[in-house]
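# Close look at the chain arrangement
Here is how the chains run, residue by residue.
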Amino acid sequence: IVTMEADNTSDISILPAMVSISELGFDLVLASVYAQGGGFDKTSFFRKFISFGANMMMRYFFNINVLTISSFYRVYSLQIIKKINAKYAPVIENRGFICMLEVLLKAIRLNASVIEVPMKLYSQKRQGKSKMKIVVTTFNYLSFLFKNRKIK
């Protein structure tokens, strides 16, 4: 199962490698701007700062050893989605950008094997205007943090 940003900023050329890695037995393959070799291309300092801060905070509070928690560009095994649904149905409860942290956290709590692959995020290729509202997204992350520290 592949998910990705719909705004054309993800590097589609790494998808075959992500699928191949998934076929090696990984439950979740994450495209990561924070993995060695990844990064941002033509992204504002403010956007990078917000992304880095949110990733650091959520990794700390949820004790997650994954560099990127917010990327939509992922390859999931069907088995991990079924496990998440069996334990936490529904797979996704939260609306908006926070759903990516929700699914990642549920997978990690079920001992999913997770690997990150480097990806460049190409902001100049963005189609349309960003749907992310900083204040709303920040509120959603903080709300999720306080409500979901119990996910086990």
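Preceding this paragraph is the structure being described.
Report follows, based on the coordinates. (Residues numbered from 1 in each chain as written. Predicted model: local features only at pLDDT ≥ 70, side-chain atom pairs only at ≥ 80, totals over all residues. Heavy atoms only, no water.)

The next subject is the overall build of the protein chain. When helices and strands are tallied, the protein chain shows five helices and six strands. Of the regular secondary structure in the protein chain, the N- to C-terminal order runs β-α-β-β-α-β-α-α-β-β-α. Within the protein chain, buried positions represent 43% of all 152 residues. Long-range contacts, defined here as pairs at least 24 residues apart, represent 78% of the contacts in the protein chain between residues at least 6 apart. A total accessible area of about 8700 Å² is found for the protein chain, and carbon and sulfur atoms account for 61% of it. (Helix = DSSP H or I, 4+ residues; strand = E, 2+ residues; numbered from the N terminus. Buried < 20%, exposed > 50% of the residue type's maximum accessible area, 1.4 Å probe, protein only. Contact = heavy atoms within 4.5 Å. Areas by Shrake-Rupley, 256 points an atom, 1.4 Å probe, with all protein chains shown as cover.)

The omega angle of the peptide bond from Ala 89 to Pro 90 is 0°, so this bond is cis rather than trans. Of note, Pro 90 is situated in the loop between helix 3 (78–88) and helix 4 (99–109). The residue Asn 63 is not glycine, and still its phi comes out positive at about 55°. Turning to its location among the elements, Asn 63 is positioned in the loop between helix 2 (45–62) and strand 4 (74–76).

Moving on, we get to helix 1 (residues 15–23). Looking at helix 1, one finds that the buried residues are Met 18, Ile 21 and Ser 22. Within helix 1, the buried residues cover an arc of 100° as seen down the axis, which keeps them to one side. Exposed residues lying more than 90 degrees from the buried face of helix 1 are Pro 16 and Glu 23. Residues of helix 1 that are buried make contact with strand 2 (28–32), strand 4 and strand 5 (114–118). At the C-terminal side of helix 1, Gly 25 shows a positive phi close to 115°. (Arc of directions from axis to C-beta.)

So, on to the packing of helix 3 against helix 4. Running from N to C, helix 3 and helix 4 cross one another at 90°; their axes reach a closest spacing of 10 Å. In terms of their interaxial angle, helix 3 and helix 4 are classed as roughly perpendicular. Contact residues: Ile 80, Ile 84 and Tyr 88 in helix 3; Val 103, Lys 106, Ala 107 and Arg 109 in helix 4. (Axes fitted to C-alpha atoms, helices over the stretch in contact; angles between N-to-C directions. Parallel < 35°, antiparallel > 145°, perpendicular 65-115°, else oblique.)

What follows concerns the nonpolar core. If you look at the biggest cluster of nonpolar residues, it comprises 26 residues, and the most contacted ones within it are Phe 62, Ile 80, Ile 84 and Leu 101. Elements represented by at least two residues in this core include exactly strand 2, helix 2, helix 3, helix 4 and helix 5 (134–148). Broken down by element, the residue count for this core peaks at seven residues, all from helix 4. The contact partners of Leu 101, leaving out residues within four places of it in the chain, are Met 58, Phe 62, Ile 64, Ile 69, Arg 74, Tyr 141 and Phe 144. (Core = buried A, V, L, I, M, F, W, Y, C linked by side-chain atoms within 4.5 Å.)

Quick look at the sheet that holds strand 5 now. Spatial ordering of the open sheet is given by 1-4-2-5, a layout of four strands whose pairing is mixed. The strands lining the two open edges of the sheet, one partner per strand, are strand 1 (2–3) and strand 5. In this structure, strand 2 lies alongside strand 5, joined through five bridges in parallel fashion. Bridging from a neighbouring strand, Leu 30 pairs with Glu 116 of strand 5. Sheet strands touched by helix 4: strand 1, strand 2, strand 4 and strand 5. Its angle to strand 4, the strand with the most contacts, is close to 40°. (Pairing = 2+ DSSP bridges.)

Before going further, it helps to examine the packing of aromatic side chains. Evaluated as defined, the whole model comprises five aromatic pairs. Look at Phe 45 and Phe 49: their rings are 6.1 Å apart centre to centre, the planes differ by 25°, and that puts the pair in the stacked class. Within this pair, Phe 45 and its partner Phe 49 are both found in helix 2, separated by four residues, close to a single helical turn. Judged by centre distance (5.1 Å) and plane angle (75°), the rings of Tyr 60 and Phe 61 are edge-to-face. Residue classification places Tyr 60 among the exposed positions, given a relative accessible area of 64%. A residue is classified by how much of its surface remains accessible, and Phe 61, at 32% relative accessible area, is partly exposed. (Phe/Tyr/Trp six-rings, centres within 6.5 Å; stacked < 30°, edge-to-face > 60°.)

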